[in-house]
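# Close look at the chain arrangement
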Amino acid sequence: MTHPFEIELETTLSASPEQVWEAIATGPGIDSWFMGRNEVEPREGGVAAMETGGRREEAVITAYDPGKRFATRTATAEDGRFMAFEYLIEGRDGGSTALRVVHSGVLGDDWQDEYDALRRGWPFHLHTLREYLTHFPGRASVPVFAVAPSDGRSAQEVHAALTRALSLPNPVAVGARAHAEPAELPPLDGEVVWSDDERIKVRTADGIYAFLYITGVVLMFHHLFGPDTDGAEAAWQQWLTGLLA
């Protein structure tokens, strides 16, 4: 049985409406804080596309009002499922911007688990958006995606493996220093900016690195702003696969 849903969040960002628009309504901007590689055709009726792990998903742009409103909607599947996203931008005093996000649609049979994952995921993504606009404004990142099966490990076991690999204490506290040396890439040295039972996010001088556990798999969504990005996705995939071997 399908089930309609709606998630609404609002956050205030230390950035101008123009900067927020570039972040949420252009391909390079979305690449720098959300998921996958993105393309945006800049017009109402255009296509917004996201590719993650070789899978491409497309949506129609249903609203395109630069600096104010951006919205998309996927096609309706045979069972009625679809996803819609709406971003509303409003400038505030002092050069800040209020951003309201509305994520709605219809979920499938396992809608409760999917809804819970979406509900937990949005604060994490908006936190990444804030990190991007605060520390890397005006820069476009190279997005990195890697995934590996957890092979029956619990969330606690995966979290422990990640903390060891990132040279972090357990429990992991925001502000802790992380260090890792993935093969064929510069060392990662940075600060933990998010930590919970399922996710660790690290900001370095040249990137935002996110490590996530979702039932059955471990994911990485990184945003790299430095010059040494050639081969980064393959190198991080090798690092993650070796970690869980």
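Residue positions are counted from 1 within each chain, in the order its sequence is given. With pLDDT at 70 or above as the cut-off, local features in this predicted model cover only qualifying residues; side-chain atom pairs require 80 or more to be listed or tallied, and sums for whole chains, interfaces and linings still use all residues. To obtain the side-chain values, all non-hydrogen atoms of the structure were included, while hydrogens and water were left out.

For the record of the protein, the UniProt heading Sequence similarities (unreviewed entry) holds the text "Belongs to the AHA1 family." UniProt positions are given in the numbering used here, feature names are shortened, and annotations may be inferred rather than shown by experiment.

Tracing the chain through its elements places Thr229 in the loop between β13 (217-224) and α5 (232-243). Each residue gets one of three labels from its accessible area relative to the maximum for its type: buried under 20%, exposed over 50%, partly exposed in between, using a 1.4 Å probe on protein chains only. Overall, Thr229 belongs to the buried group, its relative accessible area being 16%. Helix and strand labels come from DSSP, where a helix needs a run of H or I of at least four residues and a strand needs a run of E of at least two; each type is numbered from the N terminus.

Here a Phe, Tyr or Trp ring, Trp counted by its six-membered ring, pairs with any other such ring whose centre lies within 6.5 Å, and the pair is stacked when the planes are under 30 degrees apart, edge-to-face when over 60, and tilted otherwise. The final tally for this structure, using the stated rule, is 17 aromatic pairs. Ring centres of Phe211 and Trp239 lie 5.8 Å apart, and the angle between their planes is 55 degrees; this geometry places the pair in the tilted category. Residue Phe211 is found in strand β12 (residues 207-214), and its partner Trp239 is found in helix α5; the two are separated by 28 residues along the sequence. Consider the rings of Trp236 and Trp239, whose centres lie 5.1 Å apart with planes at 70 degrees: the pair is edge-to-face. Of this pair, Trp236 and Trp239 both sit in helix α5, separated by three residues, roughly a single helical turn.

A few words now on the packing of helix α1 (residues 17-25) against helix α3 (residues 111-135). To obtain each axis, a line is fitted to C-alpha atoms, and for helices this fit is confined to the stretch in contact; angles are then taken between N-to-C directions over 0 to 180 degrees. Between α1 and α3, whose axes approach to 11 Å, the crossing angle comes to 130 degrees. Judged on the interaxial angle alone, α3 and α1 are oblique. Crossing hand, α1 versus α3: right-handed. On the side of α1, the interface is formed by Gln19, Val20, Ala23 and Ile24, while α3 contributes Leu129, Tyr132 and Leu133. Each residue gets one label: Ala, Val, Leu, Ile, Met, Phe, Trp, Tyr, Cys and Pro are nonpolar, Asp, Glu, Lys and Arg are charged, and the others, such as Gly, are polar. In the contact of α1 with α3, the residues fall into six nonpolar, one polar and no charged. Working rule for angles: under 35 degrees goes down as roughly parallel, over 145 as roughly antiparallel, 65 to 115 as roughly perpendicular, anything else as oblique. Take the far helix as your reference; a near helix turned counterclockwise from it by less than a right angle gives a left-handed crossing, and one turned clockwise gives a right-handed crossing. Only heavy atoms matter for contacts: two residues are in contact if any of them lie within 4.5 Å across the pair.

Turning to unusual backbone geometry, a few remarks are in order. Residue Pro171 follows Asn170 across a cis peptide bond; omega there is 10 degrees. Locating Pro171 in the fold gives a position in the loop between α4 (155-165) and β9 (177-180). We note that Asp151 has phi near 55 degrees; this positive angle belongs to a residue other than glycine. Within the element layout of this structure, Asp151 appears in the loop between β8 (142-149) and α4. Given a relative accessible area of 58%, Asp151 falls into the exposed group. The phi angle at Glu184 is positive, at roughly 70 degrees, despite the residue not being glycine.

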